[in-house]
Amino acid sequence: MAMTDSVLDAARRSAAPALPKKGPLVWLDLDQAELDAAYDQSKYAPNQAQVQERRLFASKRTRAALGEPLRFAYGASEIEGLDVYRTEQANAPVSVFIHGGAWRNGRAADFAYLAEIFVHAGAHSVILDFNSIDAAGGNLMTMARQVRSAVAWVYQNAARFGGDPNRLYVCGHSSGGHLAGTVVSADWRKDFDLPRDVVKGALLCSGMYELKPVRLSARSNYVKFTDEIEEELSALRHLDRIACPLIVGYGTCETPEFQRQARDFAAALTAAGKPHQLLVGEAYNHFEMLETLANPYGLLGRAVLAQMGLPIG
Amino acid sequence: MRQYDRASEHGLSRRAIFAGAAAGALAFAADPAAAQRCAGPPPPHAKGPLVWLDLDQQELDDAYDQSVYAFNQGTIAERRRANSELALKVLGPPQRVAYGPTEIEKLDIYRSKRANAPIAIFIHGGSWRNGRASDSTYLAEPFVKAGAHYVIPDFINVLTAGGDLFPMVEQVRRAVAWVYKNAASFGGDPNAIYLTGHSSGGHLGGCIVTTDWAAQGLPLDILKGALLGSGMYDLKAVRLSKRSQYVKFTDAMEEELSAQRHLDRLHTPLILIHGTLETPEFQRQTRDFYAAVKAAGKPVELRVGQGYNHFETQETLANPYGLMGRAAFEQMKLASA
């Protein structure tokens, strides 16, 4: 029966790699194959395609509910634009979302489903577009520069859409969690002539904060890591520049490295005396974690609304 | 549970043990398959004689076994527990009241602060065999915060009932009647009672909205709306499946407890929900029920969750912007946030 088979295929789409013989360790107690798998979400999230399908579905529904967003350019190139879903309140706080997709995929429009909880709670929701790593010729610095510029643009232009520049918050997930880490650890004074605390709080979920193991993994096949990129874009190495409270989150069904990255980053923040909160999603995988941000009663949604001082529900 | 057995035959548990030795504390999560208990592909299957529509016995049995289609049943149960614990801390313990004579016949009331507030009653699923009201606390918070009371009854399971579905339906009916008659006691509006059911609770919900309320001296429209997700509305196919091993179906049970056969008694507007990754039968049950209610000229709406399986569909009820949550809020005219 064709329908049964196709449904079964979809429901069970899974990766169950054959058991390899352990090779030499390349990072902590992981051999190359294990490290590569630990930076490949598809190996740990068998329902990656389904979660994406429902994100696209939910985002369409949100755009139907809220209307199409305002679109602004924050930079010179075509991709450097951002979507603004406006709340009705004047001088309202602003949430900026940086999407993930292994640095390779994703468009702002397809993350619209995250906007509704902010808009209804009285904040503007800004969702960024930026280059994919492939379009950037493998250079992560380009992507980091774009998202930092976008945040600077929002700070300087918030009044144009009724936003309060002094209540600017950032959320990032997955590779967007990494990029959000580079935003909160940017040298705002030197590079943008802006106050250190341009961002008042951030959620970094399921991200990477130290690029050394990432550089050792198969991701090097498409990211052209340099010593400078590894150094400048590892938020863990620039804790002194962090000037806002952070929420760091991960799910217990994520890859071992994505769990470790979050735990180690939180431990480093503790050691540096930086205010933060570590959120652990019991039995959530990498992609399911983000779904909890689209819910004011979900793990991430609840925490972010509280961080922004917005009512929950 | 067939899939899980097969998974261990294929060596998943050995893999987990190996990974444990190799990776220490990360052992469990380090094994991709074990991380979500993901079943392998189905074995080759020689089609047998058809027993229901175009399904043979194996296919029909699978179509009434959620574990075959929802690889993450176990992980979703885990996070439901974790999220319910969280919600309990936020809401505080519910008011627990007896609605019938037996020990199990009690219901949990999560009270909203709003006076004369609308009431949502949630009927839990669990193949008629499992589930307790306290497992569903995580569903209450969005409703309570939006100004509605949330009521979750406990009721007998089919095993304790000796395989008989009637006592389950009778108890749930008694719970609804109790809420109607006692709404004022907890600040509820008896004229704004809504029902939600999921899975076997969707089946029970179907029986509730096709109850002959007038025979009990209660208004026909005692329920102002119902949201039924992932349920069963005609029991013939279920009776032919392996669920007969624990439900002692009779002709009377099949007839009386198939909501689709009693649409003349339906006086409640319905929203019906299913996910596209549910079993073929659970999708068909909802589609057919929707078509029948529509053909009977009764108010009904169908909403389909793109990319959701059976259990994921229910999780969307805990989100005012989710598939089921949004539907319930719209039906009850509650404001999101």
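Our structure's up above, just so we're on the same page.
**Q** Tell me about the overall build of chain B, and name the residues and values.
**A** For chain B, the helix and strand inventory stands at 15 helices and 10 strands. Counting across all 337 residues of chain B, residues that qualify as buried make up 53%. Relative to all contacts within chain B whose residues are 6 or more apart in sequence, the contacts with residues 24 or more apart total 71%.

**Q** So what's going on with the overall build of chain A? Which residues, and what values?
**A** Looking only at helices and strands, chain A has 12 helices and 10 strands in total. Over its C-alpha atoms chain A spans a radius of gyration of 19 Å, differing by no more than 12% from the 20 Å that the globule rule assigns to 313 residues. Expressed as lengths along the three principal axes of its C-alpha atoms, the size of chain A is roughly 60 × 50 × 35 Å. Taken across its 313 residues, chain A has 53% of its residues classed as buried.

**Q** Before we move on, could you go through the packing of helix α9 (residues 166–182) of chain B against helix α10 (residues 200–209) of chain B and cite the residues and values that matter?
**A** Residues and elements named next belong to chain B. Where α9 meets α10, the axes come as close as 10 Å, and the angle between the chain directions of the two elements is 65°. Judged by the twist between their axes, the crossing of α9 over α10 is right-handed. Judged by residue contacts, Met168, Val169, Val172, Arg173 and Val176 of α9 engage Leu204, Cys207 and Ile208 from α10. Tallied by class, residues from the contact of α9 with α10 come to seven nonpolar, no polar and one charged.

**Q** Run through the sheet that holds strand β7 (residues 188–198) of chain B, naming residues and quoting values.
**A** Strand pairing in a sheet takes place through backbone hydrogen bonds and is either antiparallel or parallel in direction. All names here are of chain B. Spatial strand order, β3-β4-β6-β5-β7-β8-β9-β10: eight strands in an open sheet with mixed pairing. Here the strands that pair on one side only, and so sit at the sheet edges, are β3 (95–98) and β10 (300–305). Neighbour-to-neighbour, the strand axes of this sheet turn through a mean angle of 20°, independent of strand direction. One ladder, built from four bridges, connects strand β4 (residues 106–110) with strand β6 (residues 149–153); its direction is antiparallel. Bridge assignment links Ile109 to a residue of β6, and that residue is Val151. Strand contacts of helix α13 (residues 280–295): β9 (270–275) and β10, with the helix running at about 155° to β9, the strand carrying the most contacts. Contacting β5 (117–123), β7, β8 (225–229), β9 and β10, helix α15 (residues 323–332) runs over the sheet at an angle of about 170° to β8.

**Q** Please provide a residue-by-residue account of the pairing of β10(B), values included.
**A** Residues and elements named next belong to chain B. Summarising the sheet, β9 and β10 pair through six bridges and their orientation is parallel. Following the sheet pairing, Gly275 is matched in β10 by Gly305. Crossover handedness for the path β9 to α13 to β10: right-handed.

**Q** Explain the nonpolar core to me, and be specific about the residues and the numbers.
**A** Residues and elements named next belong to chain A. Among the nonpolar cores identified, the biggest contains 94 residues, and Leu128, Val170 and Ala202 are the most heavily contacted of them. Here this core takes nine residues from helix α5 (residues 140–157), the largest share from any one element. When residues no more than four places from it in sequence are discounted, the contact partners of Ala202 are Tyr169, Val170, Cys171, Ala180, Val184, Cys244 and Leu246.

**Q** Explain unusual backbone geometry to me, using residue names and the numbers behind them.
**A** Despite not being glycine, A:Trp103 shows a phi value in the positive range, around 70°. Residue classification places A:Trp103 among the buried positions, given that 25 C-beta atoms sit within 10 Å. Unusually for a residue other than glycine, B:Lys333 sits at a positive phi of about 55°. Assessed through the 12 C-beta atoms surrounding it within 10 Å, B:Lys333 is described here as exposed.

**Q** Give me the environment of A:Phe97: which residues, what numbers.
**A** Residue and element names in this part refer to chain A. Within the secondary structure, Phe97 sits in strand β5 (residues 92–98). Judged by the 27 C-beta atoms lying within 10 Å of it, Phe97 is buried. Residues Phe97 and Arg145, spaced 48 residues apart in sequence, show a C-alpha to C-alpha distance of 15 Å. Those residues in contact with Phe97 that lie beyond four places of it in its chain are Phe111, Leu114, Ser125, Val126, Ile127, Leu128 and Cys171.

**Q** How would you summarise helix α3 (residues 48–66) of chain A if you had to cite specific residues and measurements?
**A** One turn of an α-helix holds 3.6 residues; hence residues three or four places apart share an orientation. All names here are of chain A. Taking 1.5 Å as the rise per residue, α3 with 19 residues should run 27 Å; its terminal C-alpha atoms sit 26 Å apart, in good agreement. Along α3, the residues that are buried comprise Gln50, Arg54, Arg55, Ala58, Ser59 and Thr62. At the exit of α3 stands Gly67, carrying a positive phi of roughly 90°.

**Q** Tell me about the packing of α5(A) against helix α6 (residues 175–184) of chain A, residues and numbers included.
**A** Residue and element names in this part refer to chain A. Interhelical geometry of α5 versus α6 gives an angle of 60° and a closest axis separation of 9 Å. Looking at the two axes, α5 sits oblique to α6. Between α5 and α6 lies a crossing of right-handed hand. Contacts between α5 and α6 pair Met143, Ala144, Val147, Arg148 and Val151 from the former with Leu179, Thr182 and Val183 from the latter.

**Q** Explain the sheet that holds strand β3 (residues 70–73) of chain A to me, and be specific about the residues and the numbers.
**A** All names here are of chain A. Read across the open sheet, the eight strands follow the order β3-β4-β6-β5-β7-β8-β9-β10; overall the sheet is mixed. Strands at the two margins of the open sheet, each flanked by one partner only, are β3 and β10 (276–281). Strand after strand, the sheet turns through a mean of 20° between neighbouring axes, direction not considered. Summarising the sheet, strand β4 (residues 81–85) and strand β6 (residues 124–128) pair through four bridges and their orientation is antiparallel. By the bridge assignment, Leu82 is partnered in β6 with Leu128. Running at roughly 140° to strand β7 (residues 163–173), α6 makes contact with β5, β7, β8 (201–205) and β9 (246–251) of the sheet.

Thresholds applied
Per chain, residues are indexed from 1 in the order of the written sequence. The order in which chains are written sets their letters, starting at A; the order in which ligands are written sets their numbers, starting at 1. In keeping with the model being predicted, local features are shown solely for residues with a pLDDT of at least 70 and side-chain atom pairs are shown and tallied solely at 80 or more, while totals for entire chains, interfaces and linings include all residues. Numbering goes from the N terminus for both helices and strands, where a helix is a DSSP run of H or I of at least four residues and a strand is a run of E of at least two. The burial label depends on the number of other C-beta atoms within 10 Å of a residue's C-beta. Counts of 20 or more mean buried, 12 or fewer mean exposed, and intermediate counts mean partly exposed, with C-beta atoms placed from the backbone. Contact between residues is assigned whenever the C-beta positions, reconstructed from backbone atoms, fall within 7 Å. What the globule rule says is 2.2 Å times the number of residues to the power 0.38, and the radius of gyration is computed from C-alpha atoms. Angular values range over 0 to 180 degrees, each being the angle between N-to-C directions of two axes fitted as lines to C-alpha atoms, with helices fitted over their stretch in contact. In a left-handed crossing the near helix is turned counterclockwise from the far helix by less than a right angle, and in a right-handed crossing that turn is clockwise. Nonpolar residues are Ala, Val, Leu, Ile, Met, Phe, Trp, Tyr, Cys and Pro. Charged residues are Asp, Glu, Lys and Arg, and all others, Gly as well, are polar. At least two bridges found by DSSP between two strands are what make those strands a pair. For the handedness criterion, the strands are oriented away from the viewer, and a crossover whose path from the first strand over the helix to the second runs clockwise is classed as right-handed. Take the buried Ala, Val, Leu, Ile, Met, Phe, Trp, Tyr and Cys residues, join any whose C-beta atoms are within 7 Å, and the set you get is a nonpolar core. To estimate how far a helix should extend, the number of its residues minus one is multiplied by 1.5 Å. Should an angle fall under 35 degrees it is taken as roughly parallel, and over 145 as roughly antiparallel, whereas 65 to 115 is taken as roughly perpendicular and any remaining angle as oblique.

Worth remembering: the numbers are spatial, not functional.
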